[in-house]
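Report on the structure
Listed below are the residues making up each chain.
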Amino acid sequence: MKFVLASQNQHKLEEMNLILSAHGVEVVLQSELGLHVEVEETGGTFAENAMLKAKAVMAASGLPAIADDSGVCVDALQGAPGVYSARYGGPELDDVGRYRLLLNVMQGQTNRAAHFTSAIACVFPNGDTIEAEGECPGSIAFAPMGDGGFGYDPVFFLPQLKKTYAQLTPEEKAAVSHRGKALAVFEERLKEYLRK
Ligand code: IMP
């Protein structure tokens, strides 16, 4: 079964295919189908934004669409940047600029607790939907470490592994990450849906 990913993010695509390909699911970027749907993330939650993106791409492609909306929520910042993770600091910042800003904002802060959340939404052409969510607890590092992954990976520290997301192999990250957990739940729900 083929799903169109409601994102241009190659890293998300790779993380999804790493997990879902074992179950006969192939996820492709919307650009591979010549689509460039831009969805305004107006939802107040990750789940709402994921559903907005999946619905828009299903409507444009006529194919089952899958979306991930995710972000890092920092306790000392009352959950920020949260759903605004991709827009943190404004449009002129790139991934490195955003995590540097987060490190600056956290300077002198002793409570470093944070978690990543991923909401997955999938919409089929007949209107059926599947949703799933996953969370990974961790903390904000004092300095970036590692060069794998993307986004805030170099500053998201996992105390139990003593490594940041960026220091993990793709397989190690998939085993513990917010997206890995959300996709594991999604996979189960998809299997159940396909059995019906
Ligand atoms: P979205 O594409 O609107 O869901 O934005 C997600 C934001 O959170 C972007 O800034 C990403 O870089 C960041 N993000 C999401 N998942 C991860 C991850 O697994 N590692 C690091 N950053 C992530």
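Refer to the structure above for everything that follows.
Structural notes, computed from the coordinates. (Residues numbered from 1 in each chain as written. Predicted model: local features only at pLDDT ≥ 70, side-chain atom pairs only at ≥ 80, totals over all residues. Heavy atoms only, no water.)

The element strand 3 (residues 65-74) is extensively covered by neighbouring structure, given that ten of its ten residues are classed as buried. Burial along strand 3 is two-sided: the face carrying Ala 65, Ala 67, Asp 69, Gly 71 and Cys 73 and the face carrying Ile 66, Asp 68, Ser 70, Val 72 and Val 74 are both buried. Inspection of the sheet shows strand 1 (residues 2-5) paired to strand 3 by two bridges, in the parallel sense. Counterpart to Leu 5 in the pairing with strand 3 is Ile 66. In the sheet, strand 3 pairs with strand 4 (residues 113-123) via ten bridges, with the strands oriented antiparallel. Note on strand 4: the bridge partner recorded for Ile 66 is Cys 122. (Buried < 20%, exposed > 50% of the residue type's maximum accessible area, 1.4 Å probe, protein only. Helix = DSSP H or I, 4+ residues; strand = E, 2+ residues; numbered from the N terminus. Pairing = 2+ DSSP bridges.)

Once that is clear, we can look at the packing of aromatic side chains. Summed over all chains, the structure comprises six aromatic pairs. Each ring, one from Phe 116 and one from Phe 156, has its centre 4.8 Å from the other, and the planes form 80°; the classification is edge-to-face. With a gap of 40 residues between them, Phe 116 in strand 4 and Phe 156 in strand 6 (residues 156-158) connect regions that are remote in the sequence. Note on Phe 156: relative accessible area 1%, which makes it buried. A centroid spacing of 4.5 Å and a plane angle of 20° characterise the contact between Phe 124 and Tyr 193, whose relative ring orientation is stacked. Here Phe 124 is found in the loop between strand 4 and strand 5 (129-140), whereas its partner Tyr 193 is found in helix 5 (residues 178-195), with 69 residues between them in sequence. The exposure class assigned to Phe 124 is buried, which follows from its relative accessible area of 5%. (Phe/Tyr/Trp six-rings, centres within 6.5 Å; stacked < 30°, edge-to-face > 60°.)

Of all residues adjacent to the ligand, which total 17 residues, the nearest are Lys 12, Ser 70, Asp 153, Lys 173 and Arg 179. A distance of 3.1 Å separates an oxygen atom of the ligand from a polar side-chain atom of Glu 41. In the environment of the ligand, an oxygen atom lies 3.3 Å from a nitrogen or oxygen atom belonging to the side chain of His 178. Elements with a contribution of two residues or more to the shell around the ligand: strand 3 and helix 5. (Near = heavy atom within 4 Å. Polar contact = N/O pair within 3.5 Å; in protein donor to acceptor, adjacent residues only side chain to side chain.)

Read from one edge of the open sheet, seven strands run 2-1-3-4-5-6-7, paired in mixed fashion. Two strands in the sheet have a free side with no partner beyond their single neighbour: strand 2 (26-29) and strand 7 (163-164). Most of the contacts of helix 2 (residues 46-61) go to strand 3, to which it runs at about 155°, and overall it touches strand 1, strand 3, strand 4 and strand 5. Sitting on the sheet, helix 5 is in contact with strand 1, strand 3, strand 4 and strand 5, with an inclination near 160° to strand 5. (Contact = heavy atoms within 4.5 Å. Axes fitted to C-alpha atoms, helices over the stretch in contact; angles between N-to-C directions.)

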